Amino acid sequence: MDAERRTDDEQAARWNGPAAGAWVEAQSLVDGVLKPFEDLLVEAMSADHGGQVLGPGGRVLDVGCGTGSTTLAVARRLGAAGHIVGVDISEPMLTAARARAEETDTPASFIHADAQEYAFEPATFDAVMSRFGVMFFKDSVRAFANLRRAAKDGAVLRFIAWRGPAENPFMTTAERAAAPLLPNLPARRPDEPGQFAFADADRVRRILAEAGWTGIDIQAKDVTCTLPESELIRYFTRFGPVGQLLGEADEQTRARVVETVRAAFDPFVEGPEVRFTAGCWLVGTRASSA
């Protein structure tokens, strides 16, 4: 229990501290990089029942909604008769999401909570979705069982999660290049909460089945992503393990790391643009009958 509590505290601290600040500050950059995944998820949701999952009157839950890009995209599909709720552990990111909804007059509501523990009203949602928001639970079976209770019988669940590090070399370039210069760089541990926690498709399948989901379909997707080359240094100095440690580094170390890591990204640079292929899972399943 102590270890679980520590995991909870670490996640809460991370997503309510500097990491959250980086996401909010670079919201437009992150939205641009992740837009292909947003489109993939919205398309996958729309494919069910001839589009009726996102049709008039639908109720949708967006797990790990962050600053709200996917939440608002689906809200626009649902129309005034439907409703979407975004849930996230990060208050700074939710503050940004609420502001975006207000600015665009988009009907959506947001809950600051851990979706693993939150007492959602039972059998409320026609669909549950997530873009890279479900890999951080300390107990994934418990989390997806809680989401199952929040979903109506037969409700759909669609989410996108990263495949493994080997299939996402861009995502690990910074830490591989910086490792000799940052000895405290944390090692990634398979199956622990984090970016690549759902790399093993068989494990994902077992988690969902144990949690009360059925008809599980897991598809490998390779997605082309881009960002401006002018934003590359900002990107790797704010996000990921390297970004977390650089905030504590002295100026000399920081300068060496930035120079070394920037050179390591050269294979991905094409003129004014950075291009890379990202490997993810598109997961689809349904809430089993009670």
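Residues numbered from 1 in each chain as written. Predicted model: local features only at pLDDT ≥ 70, side-chain atom pairs only at ≥ 80, totals over all residues. Heavy atoms only, no water.

## With respect to the packing of helix α7 (residues 169-178) against helix α11 (residues 251-264)
Two numbers describe how α7 lies on α11: the axes approach to 9 Å, and their chain directions differ by 135°. Regarding the angle of α7 to α11, the classification is oblique. Along this stretch, α7 crosses α11, giving a crossing that reads as right-handed. Each of T173, A174, A177 and A178 in α7 lies in contact with α11, whose residues at this interface are V257, T260, V261 and A264. Taken together, the residues that form the contact of α7 with α11 break down as six nonpolar, two polar and no charged. (Axes fitted to C-alpha atoms, helices over the stretch in contact; angles between N-to-C directions. Helix = DSSP H or I, 4+ residues; strand = E, 2+ residues; numbered from the N terminus. Parallel < 35°, antiparallel > 145°, perpendicular 65-115°, else oblique. Left-handed = near helix turned anticlockwise from the far one by under 90°. Contact = heavy atoms within 4.5 Å. Nonpolar A, V, L, I, M, F, W, Y, C, P; charged D, E, K, R; others polar.)

## Here we look at the nonpolar core
Grouped together as the largest cluster of nonpolar side chains are 88 residues, with contacts concentrated most on F37, F144, F159, F170 and F198. Setting aside chain neighbours within four positions, we find F144 in contact with V134, L157, F159, F198, I207, L208, A211 and W213. L94, A97, A101 and F110 belong to the second-largest nonpolar core, a separate cluster that totals six residues. (Core = buried A, V, L, I, M, F, W, Y, C linked by side-chain atoms within 4.5 Å. Buried < 20%, exposed > 50% of the residue type's maximum accessible area, 1.4 Å probe, protein only.)

## Overview of the packing of aromatic side chains
Overall, the coordinates contain 16 aromatic pairs when judged by the stated rule. Taken together, the aromatic side chains of F170, Y235, F236, F239, F265, F268 and F276 make up a single cluster linked through ring pairs. Above the ring of W281, the side-chain terminus of R163 is found at 5.6 Å from the ring centroid. (Phe/Tyr/Trp six-rings, centres within 6.5 Å; stacked < 30°, edge-to-face > 60°. Lys NZ or Arg CZ within 6 Å of the ring centre and 35° of its normal.)

## A closer look at the state of the cysteines
One pass over the structure, following the stated rule, counts zero disulfides. Counting only cysteine sulfurs, C225 is the nearest neighbor of C280, a cysteine outside any disulfide, at a range of 8.4 Å. By relative accessible area, which is 0% here, C280 ends up buried. (Disulfide = S-S within 2.5 Å.)

## Remarks on the packing of helix α3 (residues 27-46) against helix α4 (residues 69-78)
Close contact between α3 and α4 brings their axes to 10 Å; oriented N to C, the two are set at 40°. Here α3 lies oblique to α4, going by the angle between them. Note on packing geometry: the crossing formed by α3 with α4 is right-handed. For the pair α3 and α4, the contacting residues are D31, E38, V42 and S46 in the first and S69, T70, A73, V74 and R77 in the second. Considering only residue class, the contact of α3 with α4 consists of three nonpolar, three polar and three charged.

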